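Each chain, written out:
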Amino acid sequence: VPAVRDRLRIAIQKSGRLGEPARALLASCGLAWRESRDRLFCYGETLPIDLLLVRDDDIPGLIADGTCDLGIVGRNVLLEQAGERARTGAAATYREWRALGFGGCRLAIAVPDEWRWDAAGDLAGKRIATSYPALLSQWLAAQGIDAEVVTLSGSVEIAPRLGKADAICDLVSSGATLAANHLKATETLLQSEAVLAGPIAPFGDVRAELAALLLRRLDAVLGLKD
Ligand code: ATP
Ligand code: ZN
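Because the structure is a prediction, the values reported are computed rather than measured. (Residues numbered from 1 in each chain as written. Chains lettered and ligands numbered in written order. Predicted model: local features only at pLDDT ≥ 70, side-chain atom pairs only at ≥ 80, totals over all residues. Heavy atoms only, no water.)

1. A word on the coordination of the zinc ion (ligand 2)
Coordination of the zinc ion (ligand 2) by the protein involves Asp56 (OD) and Asp57 (OD), with metal-donor separations of 2.1 Å. Angles of 74 to 174° at the metal separate the four donor atoms of the zinc ion (ligand 2), which places the site in the irregular class. (Donors = N, O, S within 2.8 Å, 3.2 Å for Na, K, Ca; no water. Tetrahedral: all angles 85-135°; square planar, octahedral: opposite > 155°, others 65-115°.)

Quick look at the structure:
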């Protein structure tokens, strides 16, 4: 039985690309906080809505295990972890509630500059390095391509030069990192941006009203942006 709580807790990235814009967006919804000494927790002063500052990769799990109620995270991270959970037979517990309009990037296949690229089928039999094995495996299966997925936690873009892979599947925004590594983007697997993630099941206590209030303010703010 989930514990009854009277405050809403939102996980956001502590630093990195999404931390500051996430806080700014929530502040524009009228939230303000008092920070804890260790800067990991921010206590909501205008509304009973608190922040937990964490690594982005931890956010889906914190929602899944109920430590946090909502989170702001890249769609890429949310879908990768959802895909991994599905693969292991775990039930889906969270989903995207809103797209937030910042942190835009795409998950793409990139190959060495000198490759003559015709079609996705060119990847058959190749080794593809990625930090997104679930999303890449799903995409390869959907395309009917048999390729080897090489899972790396970082520095994916140097894997071809190190001889660890033939191609990569990584996040791209400007393409400058790819160009610096003599790679070119080909197929796009996913268009990503920061999203508000929340549980699939409704809250059974006052958090339902707090979440509804936050969504109303968020929609008003997001509506003003475009
Ligand atoms: P953490 O220390 O929290 O684990 P990180 O290094 O994994 O941080 P960041 O590099 O801050 O993560 O990226 C966070 C998110 O920003 C990505 O998951 C993605 O959704 C988004 N993003 C936007 N543009 C890019 C890009 N060019 N490269 C990587 N991520 C990007
Ligand atoms: Zn991370």
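Structure's up, so let's keep going.
2. Focus on the site of ligand 1
Around ligand 1, 15 residues are found, and the nearest of them are Gln13, Arg17, Arg55, Asn76 and Ser173. A distance of 2.6 Å separates an oxygen atom of ligand 1 from a polar atom in the side chain of Asn76. Contact with the protein chains covers 76% of the free accessible surface of ligand 1, which is 630 Å². Elements with a minimum of two residues in the shell around ligand 1: helix H1 (16–28) and helix H3 (75–87). Of the residues that make up the shell around ligand 1, three or more belong to each of domain 1 (8–103 + 193–225) and domain 2 (105–192). (Near = heavy atom within 4 Å. Polar contact = N/O pair within 3.5 Å; in protein donor to acceptor, adjacent residues only side chain to side chain. Areas by Shrake-Rupley, 256 points an atom, 1.4 Å probe, with all protein chains shown as cover. Helix = DSSP H or I, 4+ residues; strand = E, 2+ residues; numbered from the N terminus. Domains from an automatic or database assignment.)

3. Focus on the pattern of salt bridges
A complete count under the given rule lists 14 salt bridges for this structure. The salt bridge involving Arg75 is made with Glu96; its shortest N-O contact spans 2.8 Å. In this pair, Arg75 sits in helix H3 while Glu96 sits in strand S6 (residues 94–99), placing the two residues 21 residues apart along the sequence. Asp118 is the salt-bridge partner of Arg116, the closest N and O atoms lying 2.7 Å from each other. (Salt bridge = Lys/Arg side-chain N within 4 Å of Asp/Glu carboxyl O.)

4. Examining helix H4 (residues 133–143)
Along H4, the positions that sit buried rather than exposed are Ala134, Leu135, Leu136, Trp139 and Leu140. Just downstream of H4, Gly144 is the residue with a positive phi angle, here 70°. (Buried < 20%, exposed > 50% of the residue type's maximum accessible area, 1.4 Å probe, protein only.)

5. Regarding the packing of H3 against H4
When two helices pack together, their arrangement is given by the angle between the helix axes and by the axis-to-axis distance. Orientation of H3 relative to H4, taken along the N-to-C sense of each, is 75°, at an axis distance of 7 Å. As summarised for this structure, H3 and H4 are arranged roughly perpendicular, according to the angle between their axes. Note on element contacts: H4 touches H3 through Pro133, Ala134, Leu135 and Gln138, opposite Asn76, Leu79, Glu80, Gly83 and Glu84. Taken together, the residues of the contact of H3 with H4 break down into four nonpolar, three polar and two charged. (Axes fitted to C-alpha atoms, helices over the stretch in contact; angles between N-to-C directions. Parallel < 35°, antiparallel > 145°, perpendicular 65-115°, else oblique. Contact = heavy atoms within 4.5 Å. Nonpolar A, V, L, I, M, F, W, Y, C, P; charged D, E, K, R; others polar.)

6. A word on the environment of Cys68
Mapped onto the elements of the fold, Cys68 is located in the loop between helix H2 (59–64) and strand S5 (70–74). Look at Cys68 and you get buried, because its relative accessible area is 2%. Placed 59 residues apart in sequence, Cys68 and Arg9 show a C-alpha to C-alpha distance of 5.2 Å. Excluding residues within four positions of it along the chain, Cys68 makes contact with Arg9, Ala11, Leu52, Leu62 and Ile63.

7. Some details on the packing of aromatic side chains
Per the stated rule, a full pass over the model turns up one aromatic pair. Between Trp97 and Phe203 the ring centres are 6.4 Å apart and the planes differ by 65°, which places this aromatic pair in the edge-to-face class. Of the two residues, Trp97 is situated in strand S6 and Phe203 in the loop between strand S12 (194–199) and helix H6 (207–225); the sequence distance between them amounts to 106 residues. We note that Trp97, like Phe203, is buried. (Phe/Tyr/Trp six-rings, centres within 6.5 Å; stacked < 30°, edge-to-face > 60°.)

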